[in-house]
Amino acid sequence: MKALLNYLVDLCLLRAGPQDLPGSNLLLVLFTLLNVLTGVVMITGARLGLFAAIAESMFEAALMLSVLHLGLKLRNRLPRFQQAATALMGSSLLLGLLALPLVAVSNQSESVVAGMLLLLLMIWSMVVLGHILRHTFDITFHFGLGVAVLYTLLAWNLTFMLFPMVN
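Here we summarise the structure given alongside this text. Treat the numbers as computed from the prediction; the structure is a model and nothing was measured. (Residues numbered from 1 in each chain as written. Predicted model: local features only at pLDDT ≥ 70, side-chain atom pairs only at ≥ 80, totals over all residues. Heavy atoms only, no water.)

A short note on the overall build of the protein chain
When its secondary structure is counted, the protein chain shows six helices and zero strands. Going residue by residue from the N terminus, the α and β elements of the protein chain occur as α-α-α-α-α-α. Radius of gyration (C-alpha) of the protein chain: 16 Å, near the 15 Å computed for a compact globule of 167 residues. Projected onto its principal axes, the C-alpha positions of the protein chain cover 45 × 30 × 30 Å. Across the 167 residues that make up the protein chain, the buried fraction comes to 40%. Sequence-distant contacts, at least 24 apart, represent 64% of the contacts inside the protein chain between residues at least 6 apart. In the structure as shown, the protein chain presents an accessible area of about 9500 Å², 73% of it carried by carbon and sulfur atoms. Side-chain charges of the protein chain comprise 8 positive and 6 negative groups, with the mean position of each set lying 10 Å from the other. (Helix = DSSP H or I, 4+ residues; strand = E, 2+ residues; numbered from the N terminus. Rg over C-alpha atoms; globule rule 2.2 N^0.38 Å. Buried < 20%, exposed > 50% of the residue type's maximum accessible area, 1.4 Å probe, protein only. Contact = heavy atoms within 4.5 Å. Areas by Shrake-Rupley, 256 points an atom, 1.4 Å probe, with all protein chains shown as cover. Lys, Arg positive; Asp, Glu negative; His and termini not counted. Charge placed at Lys NZ, Arg CZ, Asp CG, Glu CD.)

Considerations on the packing of aromatic side chains
The tally for this structure, following the rule as stated, stands at one aromatic pair. Seen in terms of ring centroids, phenylalanine 59 and phenylalanine 163 are 5.8 Å apart; in terms of plane orientation they differ by 50°. Their pairing is tilted. Within this pair, whereas phenylalanine 59 is found in helix H3 (residues 50-74), its partner phenylalanine 163 is found in the segment after helix H6 (141-162), the two being separated by 104 residues in sequence. For phenylalanine 59, a relative accessible area of 22% puts it in the partly exposed group. (Phe/Tyr/Trp six-rings, centres within 6.5 Å; stacked < 30°, edge-to-face > 60°.)

In structure tokens:
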């Protein structure tokens, strides 16, 4: 377990890539379920009821995995899916866990510091996504980062369109 946590920290610090992770369906399922659960906690606390939070969190994970699968299929690199998907779900899980207390603080008060830290964490998550894409698709880091930013913006727009905020 410690080795997995160390790997996820190294991945999020851009010191490891998806290829450094052992291929494991069990690990992919575990990280995906934990990632969805973390998303549910975050979304429920932030703006939605439980059922909508579950649906949104599952949609976000399915969208990310589907886009990754499609991209790898189009580039004839489908054998990389398992490791890349596990790295995406694992890094998203770790960054989501770091965001949970910040989301809780920002929901309870108008904390500028928590808001700024959340913004930095969101930017860093795009950097990590770009890093994973660089290794997965054998592209430059800058191109991977551009794709990560574009994906994030499109995914946010699609998510907010399908799951509008409830006040």
